[in-house]
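# Working through the structure, step by step
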Amino acid sequence: MLNGTGAGAPDKEGGNLRAEEQGRATAAAVDDLSFLALASALSSSLVRARGTQVDEQVRNALQRIAEFFDADRGILCAVAHADRRVLVRDCVHRVGANLPASGPDAAEIFPWLFDEVVVCGRVVSIPSIDRLPPAAVRDRAGLSGWQLRSALFVPVSHADAVEFVLGLGCSRDDPGWTDETIARLRLLGETLAGALRHQALEQKQADSLRFERLIADACARFAGAWSDQIDTEIERALKDVLDFTGADQAGFFATVETPGHLRLTHLNHAEGIVPAEKQVVPYDRICPWLYDRVVNQRRLYCFHRWDEIPIEAEVDRRYLEMKGTRSGLYIPYVVGGEVRHVFALISNTAEMRWAPVLVERIQALGGAFVSALARKSVFDALRRNEEGLREAQRIAGLGSWEWDVQTDAVWTSPQTDLILGSKAGSFKAFMNRVPEDERPALTQAVEACLSGGPDRQRIQHRILAPGGEERFVENHFERVPGGPASAPRIFGTLQDITLRRRDELELEGLRAERWHADRVAQIAVMTSSLAHELSQPLTAILSNAQAGLRMLRAGALPAEEGEAILEDIVADDKRAAQVIESLRAMLRRRPTERQRVEIAQLVRDVMGLMHSELVMNDVRFELDLLAEGCIEVDRAQIQQVLINLIMNGIEAMHELPPGGRLLSLTVMRDEARGVKFSVTDVGHGLEVLDPGKVFQPFWTTKTTGIGMGLAICRSIVEAQGGRIWGENNAGPGATFSFTLPALAR
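The present account deals with the structure reproduced in this document. What you see is a predicted model, and the numbers here were worked out from it, not measured in a lab.

The rules we used
Just so you know, the residues in each chain are numbered from 1, in the order the chain's sequence is written. Side-chain atom pairs in this predicted model are given and counted only at pLDDT of 80 or more, local residue features only at pLDDT of at least 70, and totals for whole chains, interfaces and linings cover all residues. Water and hydrogen atoms play no part in the side-chain values, which are based on all heavy atoms of the structure. Put simply, DSSP H or I for four residues or longer makes a helix, DSSP E for two residues or longer makes a strand, and each gets a number counted from the N terminus. For every residue, the accessible area obtained with a 1.4 Å probe (protein chains only) is divided by the maximum for its type, and the residue is called buried under 20%, exposed over 50%, and partly exposed between those limits. By definition, residues are in contact when any of their heavy atoms lie within 4.5 Å. Note that accessible areas follow from Shrake-Rupley with a 1.4 Å probe, and for residues the cover is restricted to the protein chains shown. One requirement defines pairing of two strands: DSSP has to find at least two bridges between them. Comment: axis = line fitted to C-alpha atoms, over the contacting stretch for helices; angle = value between 0 and 180 degrees taken between N-to-C directions. Salt bridges are defined as contacts in which a side-chain nitrogen from Lys or Arg sits within 4 Å of a carboxyl oxygen from Asp or Glu. The term nonpolar core refers to a set of buried residues drawn from Ala, Val, Leu, Ile, Met, Phe, Trp, Tyr and Cys, joined through side-chain atoms within 4.5 Å. Only residues above 30% relative accessible area that lack a salt bridge enter a patch, with like-charged residues linked at up to 9 Å and the nonpolar side chains Val, Leu, Ile, Met, Phe, Trp and Tyr linked at up to 5 Å. Positive charges are assigned to Lys and Arg, negative charges to Asp and Glu, while His and the chain termini are left out of the count. By convention, charge coordinates are those of NZ in Lys, CZ in Arg, CG in Asp, or CD in Glu. Picture the helix axis, draw a direction to every C-beta atom, and the arc is the one those directions span.

### Considerations on the overall build of the protein chain
Counting its regular elements, the protein chain contains 20 helices and 23 strands. Looking at the 745 residues of the protein chain, the share that counts as buried comes to 41%. Summarising the internal contacts of the protein chain: among those between residues at least 6 apart in sequence, 62% fall at separations of at least 24. Counting every atom, the protein chain has about 39,900 Å² of accessible surface; 54% of that belongs to carbon and sulfur.

Here is the structure:
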């Protein structure tokens with residue numbers, strides 16, 4: 001028995017050991033199966049989750065992880081390396097434990113843990129906060145504030161950088177976390193991180209599509225908007241940007257002529273935000289560094305926090321702090337080599353991170369703003385031009401028209417419709433407004449324009465409005481070549497010259513009245529001279545008649561002598577009749593009648609009328625008749641011009657002694673202008689700096705003159721296609737000259 005007993009005791013102990021090992025193996029297997037089931041369930045739920053469901057599933061997974069590892073806290077943090085911040089994304093707790101009051105930035109609460117876990121990428125297991133090193137004094141206080149005695153933090157990396165931190169916390173010491181716990185927690189962290197990465201990718205794609213849709217909608221609205229609606233559409237798009245980004249104010253600036261100044265032209269803001277004023281602001285003084293960088297250097301600039309603004313921009317930082325701008329984005333837009341616009345997006349209520357992708361999208365939208373504003377500027381300029389053209393056409397009574405020869409369609413401007421009395425849709429309707437007796441001339445001009453004649457035509461005609469009103473118009477038109485497959489077009493202008501035509505007729509009547517009055521006044525001056533001219537032939541007639549009677553009564557009148565006496569009487573009578581006819585021609589009141597006039601005869605007639613006036617004023621006269629041929633003029637009017645100039649020359653020499661008065665008339669050919677008449681005296685000359693002033697109406701140096709003589713002379717000469725001018729001589733006196741078109745020799 002002893003041997004048996006002694007031999008059986010070790011077997012029993014061995015059996016117990018095997019049973020314990022088997023029990024532990026079984027427990028480990030069950031634990032492994034439980035973990036695999038947890039990992040599989042979490043992975044399955046996270047894979048199926050979409051959009052906002054991911055956040056809910058991550059929180060549920062964190063809750064189950066805490067329960068699986070018998071922890072009081074499950075913590076998931078997201079790392080923002082650019083800002084050196086760790087944001088507590090989720091923090092769950094088991095029943096009976098209070099949720100810790102944590103700040104948004106765990107890096108501020110746990111600086112030692114940040115360096116160990118995030119910067120160095122190490123796993124940190126804290127069996128008891130009492131065993132933390134002295135450097136972790138703030139971390140110990142933070143964990144204590146979270147009511148934790150122990151904690152485990154596992155970094156989850158991506159692309160060689162810690163992306164998330166998965167942590168467990170217990171309100172007791174020594175929870176018994178092993179390397180296997182760390183390995184399992186790392187695996188679960190990768191599962192959570194994968195789901196969150198996929199969510200971020202989906203969100204990124206959704207945001208991209210959403211912003212692309214925002215840009216597309218804005219561009220579509222810009223394309224369909226009138227110029228006066230573009231400003232409203234830009235501010236509507238700014239509101240969409242605020243909704244998308246969460247910023248507080250979005251503004252679009254334009255540079256102005258004053259250097260250093262910007263005008264806020266478009267603005268939208270979040271509810272509850274006091275907006276900036278739309279005005280011109282000297283940003284080169286209030287934000288000199290920012291203005292220089294964005295406008296002068298043409299560089300985009302953004303800041304997330306005030307402490308990111310450089311030291312040299314201290315003036316700018318104070319201004320932004322005063323305005324409550326916590327984050328800002330400023331994008332310049334260059335047009336024509338210079339910054340013309342600046343897109344500003346700012347946050348007043350929170351700090352914002354301007355991701356490069358977001359900046360690119362906003363920059364693209366701003367480009368659409370610039371294009372829309374450029375189109376608006378063009379439309380506004382066109383509208384101003386059209387309004388200015390329409391107003392100018394109204395003031396000038398000038399309309400425009402265009403005829404498509406191929407379709408017979410006629411386009412007319414509003415002023416043309418007003419001139420015509422209504423719209424003419426075809427060239428036939430247009431021609432129906434022209435009186436029948438004037439249509440052939442207009443048709444001939446149009447056909448000449450189309451058939452290779454002069455490209456430009458000008459014709460005056462009348463228009464009969466539907467109401468019977470008659471208008472005088474001046475029609476200018478020209479041929480515009482068509483394309484390879486289209487006929488030419490005619491573009492023209494139609495000017496209402498009714499008032500001008502009436503004024504011309506009235507002026508012509510007044511000129512005729514004044515011309516007649518001037519002739520009467522001149523004849524009154526020449527009455528004594530004419531009487532003297534008539535007395536000579538009459539005396540000769542009387543003498544010849546008396547001599548013939550005496551010889552006839554004495555019976556001593558030879559036939560030859562009687563015939564000579566009668567011929568002298570006839571000649572003297574014709575001479576008297578010629579003088580009387582010249583006087584009647586000047587006094588006769590009749591319209592202008594042009595006829596062929598011999599130059600020599602015209603001059604002789606004038607000199608016959610002025611002979612006595614020259615003799616009575618002791619004026620020596622010289623005539624240089626160097627031109628032959630004819631001119632087509634109104635004889636009486638040109639006689640009046642010569643008489644007026646000769647009388648002016650006589651009066652200009654009135655103060656000279658009788659022997660020193662010399663007047664000359666030169667008639668010569670002028671190849672450029674025709675026939676040139678020049679009257680030269682040796683008097684006092686023209687006492688004005690501008691010789692042309694003497695031809696102005698009512699300008700005179702005579703004490704008894706009214707200043708109309710030379711003005712009438714100019715009207716007569718210019719009406720007959722000539723030109724008149726006056727100039728001082730190199731010596732004493734002045735010369736008045738005028739030209740008239742000459743007929744072919």
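Further notes follow.
### Regarding the sheet that holds strand 12 (residues 398–404)
Sheet strands pair by backbone hydrogen bonding; their relative direction is either parallel or antiparallel. Strand order across the open sheet formed by 5 strands is 13-12-16-15-14, with antiparallel pairing between neighbours. Of all the strands in the sheet, the pair left with one neighbour each is strand 13 (409–412) and strand 14 (456–464). Here the strands of the sheet are splayed against their neighbours by 25° on average, with no regard to which way each runs. Judged from the 7 bridges that link them, strand 12 and strand 16 (residues 489–496) form a sheet pairing that is antiparallel. The residue of strand 16 that forms the bridge with Leu398 is Gln495. The strands touched by helix 14 (residues 439–450) within the sheet are strand 12, strand 14, strand 15 (470–480) and strand 16, with strand 15 carrying the most contacts at an inclination of about 15°.

### Re the pattern of salt bridges
Counted under the stated rule, the structure contains 35 salt bridges. Between Glu233 and Arg221 there is a salt bridge, and its shortest N-O distance comes to 2.7 Å. Highlighted residues: Glu233 in helix 7 (residues 230–245) and Arg221 in helix 6 (residues 179–224), separated in sequence by 12 residues. What makes Glu233 buried here is its relative accessible area of 15%. The closest approach of N and O atoms between Arg456 and Glu478, which form a salt bridge, is 2.7 Å.

### Brief notes about the nonpolar core
One finds Ile631, Ile646, Leu663, Val667, Phe677, Phe738 and Leu740 to be the most contacted residues of the largest nonpolar core, which totals 41 residues. Those elements giving two or more residues to this core turn out to be helix 18 (599–616), strand 19 (630–633), helix 19 (635–652), strand 20 (662–670), strand 21 (674–680), helix 20 (709–719) and strand 23 (734–740). The contact partners of Phe738, leaving out residues within four places of it in the chain, are Ile638, Val641, Leu642, Leu645, Val675, Lys676, Phe677, Val717, Arg723, Ile724 and Trp725. Listed in part, the 32 residues of the second largest apolar core include Val241, Phe252, Met352 and Ile362.

### Section: the sheet that holds strand 4 (residues 150–158)
Spatial ordering of the open sheet is given by 2-1-5-4-3, a layout of 5 strands whose pairing is antiparallel. The open sheet has two free edges, formed respectively by strand 2 (85–93) and strand 3 (124–126), since each of these has just one partner strand. With direction set aside, neighbouring strand axes in the sheet form an average angle of 15°. Alignment of strand 3 against strand 4, held across 3 bridges, turns out to be antiparallel.

### A short note on a negative patch on the surface
A surface patch of like charges, here negative, comprises Glu560, Glu561, Glu563 and Glu567. Here Glu563 shows up in helix 17 (residues 559–587).

### Description of helix 5 (residues 137–145)
Residues spaced three or four apart along an α-helix face the same direction, because each turn holds 3.6 residues. Along helix 5, the positions that sit buried rather than exposed are Asp139, Gly142 and Leu143. With its buried residues spanning 95° around the axis, helix 5 presents them on a single face. The elements touched by buried residues of helix 5 are helix 3 (106–109), helix 4 (111–119), strand 3 and strand 4. One or two positions beyond helix 5, positive phi appears at Gln147, with a value near 60°.

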